[in-house]
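These are the residues of each chain, in order.
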Amino acid sequence: MQSALGAMSDTAAAPTEITAARLLGAVGRSVFRLLGHAGRLAIFMGATVTRPIHRRFGGWELVSQLSFVGAGSIAVVTLSAVFTGLVLVLQGYGALVRFGSENLVGSLVALSLTRELAPVLTALMVTARAGSAMTATIGNMAVTEQIDALDALAVDPLKYLVLPRLLATAVALPLLAALFSVAGIAAGYLLGVNVLGLDGLAFMSHVRSSVEWKDVWVGLCKALVFGVVIAAIATFRGVQTRGGARGVGHATSRTVVETAVLILCGDYVMTALLF
Amino acid sequence: MFDYKKAEIAAGAFLLLGLAALAYLSVSIGGLEIRPHASYHLLARFSNVGDLKLRAPVKVAGVTIGSVEAIKLVDYFAEVELAVDRRVRLPTDTIASIATAGLLGESHVSLSPGAADQNLAAGERITHTEPALNIADLLSRYAFGNANQAPPKEHP
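In this report, we go over the structure that sits alongside the text.

About the cut-offs
- Residues numbered from 1 in each chain as written.
- Chains lettered and ligands numbered in written order.
- Predicted model: local features only at pLDDT ≥ 70, side-chain atom pairs only at ≥ 80, totals over all residues.
- Pairing = 2+ DSSP bridges.
- Helix = DSSP H or I, 4+ residues; strand = E, 2+ residues; numbered from the N terminus.
- Buried ≥ 20, exposed ≤ 12 C-beta atoms within 10 Å, placed from the backbone.
- Contact = placed C-beta atoms within 7 Å.
- Core = buried A, V, L, I, M, F, W, Y, C linked by C-beta atoms within 7 Å.

1. Examining the sheet that holds strand S1 (residues 39-46) of chain B
Read across the open sheet, the 8 strands follow the order S7-S1-S4-S3-S2-S6-S5-S8 (chain B); overall the sheet is mixed. The outermost strands of the open sheet, each flanked by one partner alone, are strand S7 (125-126) and strand S8 (128-130) of chain B.

Structural data, given as structure tokens:
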């Protein structure tokens, strides 16, 4: 009986038994899987961005993606920005009023937004909305063999599906991040002046004097990089989807999680490098 | 089916809105200068620049009229290059000192114009400079005695 059970499969024998060898094997396998994944992503991106060098790309797909990723995200970005700005002013005021420096809250809000929060939160919102949609759309096409059909019709799926999304997201994200900063500062200004009794001119003068062009510029660079990351992972996961409807759902959730983690790590790396 | 017109309008509107936000953020808030005011450069040598940083303001009577362009070490002295607005004329006996805006404020270069007839031309050097004040130094001198103090004035 024992031997029959054991002979069925390796892992079926005492599945809850954790041995050092098994753990090491699992770690090693995940490292190799991660390396392979990163390599495939790099090749995928490399193949995509070298496309325009051969032929001109379709403008219509780009416009439609720009409309979806950019214009469609305005509402969610503005809403997040408004509430982020409000919270920053509220908490900042509470902390600074103890030192009599409550007017510095303008600097606090403006700097936090332009340097860090605008690029990161915009990227997270866009991932949740557009990144998941990209993966779902392309994943659906992958599992219903539409991508193979495109291939058969000599339409390059990378040029037709991936490149417009990549360009649209890369262009849209810095603009959305700028919108986030402006909306957040505006909301903070309205709350500070009308509810907390701050002086509007002092608020804006602190904002103007503390924010340098470098802060704005670095924030936009971050947003650009995040945009590329979002589109790369979303489309890559979409194209790699296997396993029917369930696979599409699985790929979509993996996209959002991986992109979010990469955005946060990338934010730290870029801050360390550029500031 | 798919509304082509609506998508194009939406994409265009988004781009315009985004670029407007970007422009406002950069110019109004970030202080990006589209046409930098014409300025001329002056040199000043300090024995100690303290916390002075690049792009720190240069002020006359508290009004910002320029910025610090470069800080270099020359012969164990700090050689500071100032960019001053062309509309401001400074006499040759101007005194340059390094002041702090408030206790925790940033260091900036404060210029006190003298009464000379001639004005400084571009590239000339401000001869009279005062080094940055070191608060810790002042406190220790006050707290630990007057060994280096000048003798008291004699009243007639």
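2. Digging into the environment of A:Ala187
All names here are of chain A. Tracing the backbone shows Ala187 in helix H6 (residues 157-194). Looking at Ala187, the number of C-beta atoms within 10 Å reads 21, which means it is buried. The sequence separation of Ala187 and Val257 amounts to 70 residues, and the corresponding C-alpha distance is 29 Å. If we ignore the near neighbours within four places in the chain, the residues touching Ala187 are Ala81, Val82, Gly85 and Leu86.

3. Section: the nonpolar core
The nonpolar side chains of a soluble globular protein tend to be buried, and buried together. Counting residues in hydrophobic clusters, the biggest one holds 71 residues, and the most contacted among them are A:Leu173 and A:Leu176. Sorting the residues of this core by element identifies helix H3 (59-96), helix H4 (105-143), H6, helix H7 (200-210) and helix H8 (213-239) of chain A together with helix H1 (4-29) of chain B as the ones contributing at least two each. Of the residues forming this core, the biggest block, 22 residues, is contributed by H6(A). The contact partners of A:Leu173, leaving out residues within four places of it in the chain, are A:Thr122, A:Ala123, A:Val126, A:Ala223, A:Leu224, A:Phe226 and A:Gly227. Residues B:Ile65, B:Val84, B:Leu90 and B:Ala96 belong to the second largest nonpolar core, which totals 20 residues.

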